[in-house]
Amino acid sequence: MTLQVSLLSVVLAMVLGMIGAVSKLSRYRMAKRLATLYTTVVRGIPDLILMMLLFFGGQVFVNFLCTQINEHLNEWVLQGNAQHEWTAYVPEYVDISPFIAGVLTIGFIFGAYMTETFRGAILAVDRGQLEAAAAYGMTPWQVFRRVLFPQMVRHALPGFGNNWLVLLKTTALVSVIGLDDMVRKAGLAAGTTQLPFTFYMAVALIFLVFTAFSTTLLKWAERHYSIQTR
Amino acid sequence: MFDFSIILQEWPTYLQGLGNTVWLVAVSLILGLSIAIPLGICRNSTNPLLRLPAWAYIYFFRGTPMLVQLFIIYYGAGQWDGLRNSWAWEWFQEAWFCALLSFTLNTAAYTAEIVRGAIRTIPKGEIEAAQAFGMTPWQTMTCILLPSALRRALPAYSNEVIFMLHGSAVAGIITIVDLTGAARIINARYYSPFEAFLTAGLLYMLLSLCIVWVFRRLEQRWHVHLRPRSV
């Protein structure tokens, strides 16, 4: 469960980070401002607070939105047809599962960190190469795919690795909003067996294994992508 | 939809939370730093008896989530009969002590790694010069190495301080009324998650900004010799 959450949220974070980085470097002032606001706010607030805000607050917000949509739709239909009976067009009450809330929040939070990492990586790629690619008549997507991305990865990997390790540890927090992850399972087991130390220690060791494994993998990836550089 | 009058009413709770967060973070940072400096030096030592335990300590505390460390100390301590019967048990029953202990140990590990990096990147010439002056290893350490290394560690340390501030939010889970705890209380009392958590978030952001400002002043003061010379 921990792995599922972290893998899904890292994918989300990468997508958000890429969008954020591109908009931070874009010509449009609006996009730039939005991205700056996003990274500043997210990095200024603890992840736990954000998680609770999005989990508890998101629930209230979605339900509020649903009721509003229902009200408006009904009113609108009522204007055309006076005999219309009140119906719920969208469900009155939507339950956000802790799993989705966890993935969304962690992805959202680390999207901000990834934005900074990717921004630095994009800046590290030589400008002339992009111009040359454009001069060859490549479309922006081709430039990204063939020129920018392969070189960017090299610069982004160390920062990405750090972010991933922090993210992995942040997933422990989702137990607080009620997701059945390792930490929560350990808590339940500790409650029934009266052996809290043993179980939490086991969780700590599993996390250590994850991080050790990730470090090895990241080292390999770094070597793989740096082969061409002298 | 928003009703911030609740926050105005419950302002004292937030103030209490703010106070608790600040003192928890401040005390654990000071204690952590005082552990971290010797630990960082040990980590750089050529003697494996000093180096390996320091490595293991740093590896464990950096590789596991702070929440799990906190739970190990807060819930796990009760499993040891020896500890339960000793005088220390009175301390371990207190949530604030457990939080303080786990925060201190955690920040010590991260800070030690920063100190280690700063010591390693010291210019070799400085050490050789100290030796040429006939300084003992202890003198070299306290007069040359540490002042220079700690100065250069300042930017990295400011990051660690902010991470510590953000990490301290987990204290709210074990019944401590820090900023997160305050927000949880307000949310439970009024079921108004937006107001409760947004206020806490804003206060945290304010604290982060203060930290950034303080460190900028410190850097101005202590990095005078690194500033580009104005002609």
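Residues numbered from 1 in each chain as written. Chains lettered and ligands numbered in written order. Predicted model: local features only at pLDDT ≥ 70, side-chain atom pairs only at ≥ 80, totals over all residues.

Moving on: the overall build of chain A. The number of helices and strands found in chain A is eight helices and zero strands. Of the regular secondary structure in chain A, the N- to C-terminal order runs α-α-α-α-α-α-α-α. The globule rule puts the C-alpha radius of gyration for 230 residues at 17 Å, and the 23 Å found for chain A is more than 25% above it. The C-alpha extent of chain A, read off along each of the three principal axes, is 75 × 60 × 25 Å. In chain A, which comprises 230 residues, the proportion classed as buried is 33%. For chain A, the share of sequence-separated contacts (at least 6 apart) that also reach a separation of at least 24 residues comes to 74%. (Helix = DSSP H or I, 4+ residues; strand = E, 2+ residues; numbered from the N terminus. Rg over C-alpha atoms; globule rule 2.2 N^0.38 Å. Buried ≥ 20, exposed ≤ 12 C-beta atoms within 10 Å, placed from the backbone. Contact = placed C-beta atoms within 7 Å.)

Once that is clear, we can look at the overall build of chain B. Counting its secondary structure elements, chain B contains twelve helices and zero strands. Going from N to C terminus, chain B has its helices and strands arranged as α-α-α-α-α-α-α-α-α-α-α-α. With the C-alpha coordinates of chain B rotated into their principal frame, the extents come out at 70 × 60 × 25 Å. For chain B, the residues scored as buried account for 39% of the 231 residues in total. Put simply, of all contacts in chain B between residues at least 6 apart along the chain, 76% involve residues at least 24 apart.

What follows is about the nonpolar core. Judged by nonpolar contacts, the single largest core of 106 residues is most densely connected at Ile49(A), Tyr200(A), Val203(A), Leu67(B), Val68(B), Leu70(B) and Ala200(B). Considering every element that reaches this core, the biggest residue donor is helix H7 (residues 95–120) of chain B, with twelve residues. Other than its neighbours up to four places away in sequence, Val68(B) contacts Ala172(A), Val183(A), Tyr200(A), Val203(A), Ala204(A) and Phe207(A). (Core = buried A, V, L, I, M, F, W, Y, C linked by C-beta atoms within 7 Å.)

Below, the discussion takes up the interface of chain B and chain A. Each partner contributes to the interface: chain B provides 29 residues, whereas chain A provides 28 residues. Elements with a minimum of two residues in the side of chain B that touches chain A: helix H3 (48–63), helix H4 (66–74), helix H11 (179–190) and helix H12 (193–222) of chain B. Examining the composition of the side of chain B that touches chain A, we find that nine residues originate from one element, H12(B), more than from any other. Looking at the side of chain B that touches chain A residue by residue, the class counts come to 19 nonpolar, ten polar and no charged. (Nonpolar A, V, L, I, M, F, W, Y, C, P; charged D, E, K, R; others polar.)

Residue and element names in this part refer to chain A. Two elements in contact, helix H7 (residues 182–193) and helix H8 (residues 196–225), have axes whose closest approach is 8 Å; the angle formed by their N-to-C orientations is 160 degrees. As judged from the angle between their axes, H7 and H8 are roughly antiparallel. The two elements H7 and H8 cross, and the hand of that crossing is right-handed. Here H7 contributes Met-182, Val-183, Ala-186, Ala-189 and Ala-190 to the contact with H8, which in turn contributes Pro-196, Phe-199, Tyr-200, Ala-202, Val-203 and Ile-206. Here the contact of H7 with H8 is composed, by residue class, of eleven nonpolar, no polar and no charged. (Axes fitted to C-alpha atoms, helices over the stretch in contact; angles between N-to-C directions. Parallel < 35°, antiparallel > 145°, perpendicular 65-115°, else oblique. Left-handed = near helix turned anticlockwise from the far one by under 90°.)

Helix length check: H3(B) (16 residues) gives 21 Å between terminal C-alpha atoms against 22 Å at 1.5 Å per residue, within 8%. Residues of H3(B) that are buried: Ala54(B), Ile58(B), Phe61(B) and Gly63(B). If you follow the buried residues of H3(B), they end up packed against H8 of chain A together with helix H2 (11–44), H4 and H7 of chain B. (Expected span 1.5 Å × (residues − 1).)

This brings us to the environment of Ser86(B). You can see Ser86(B) is positioned in the loop between helix H5 (81–85) and helix H6 (89–92). Separated by 45 residues in sequence, Ser86(B) and Ile41(B) place their C-alpha atoms 33 Å apart.

Following the sequence through the fold, Cys66(A) ends up in helix H3 (residues 47–80). Separated by 32 residues in sequence, Cys66(A) and Leu34(A) have C-alpha atoms that sit 26 Å apart.

Residue and element names in this part refer to chain B. For the pair H11 and H12, the least separation of the axes is 8 Å and the interaxial angle reads 165 degrees. It follows from the interaxial angle that H11 and H12 lie roughly antiparallel. In the packing of H11 onto H12, the handedness of the crossing is right-handed. Where H11 abuts H12, its residues Leu-179, Thr-180, Ala-182, Ala-183, Ile-186 and Asn-187 lie against Pro-193, Ala-196, Phe-197, Thr-199, Ala-200, Leu-203 and Tyr-204. The class makeup of the residues in the contact of H11 with H12 is ten nonpolar, three polar and no charged.

Glancing now at the confidence of the model for chain A. Mean pLDDT over chain A works out to 81, with 92% of the residues at or above the 70 mark. H8(A) holds the highest mean pLDDT among the elements of chain A, 86, whereas H3(A) holds the lowest, 79. (pLDDT = per-residue confidence, 0-100.)

By the secondary structure assignment, Gln79(B) is in the loop between H4 and H5. Among all residues touching Gln79(B), those that are not within four sequence positions of it are Leu195(A), Pro196(A) and Phe197(A).

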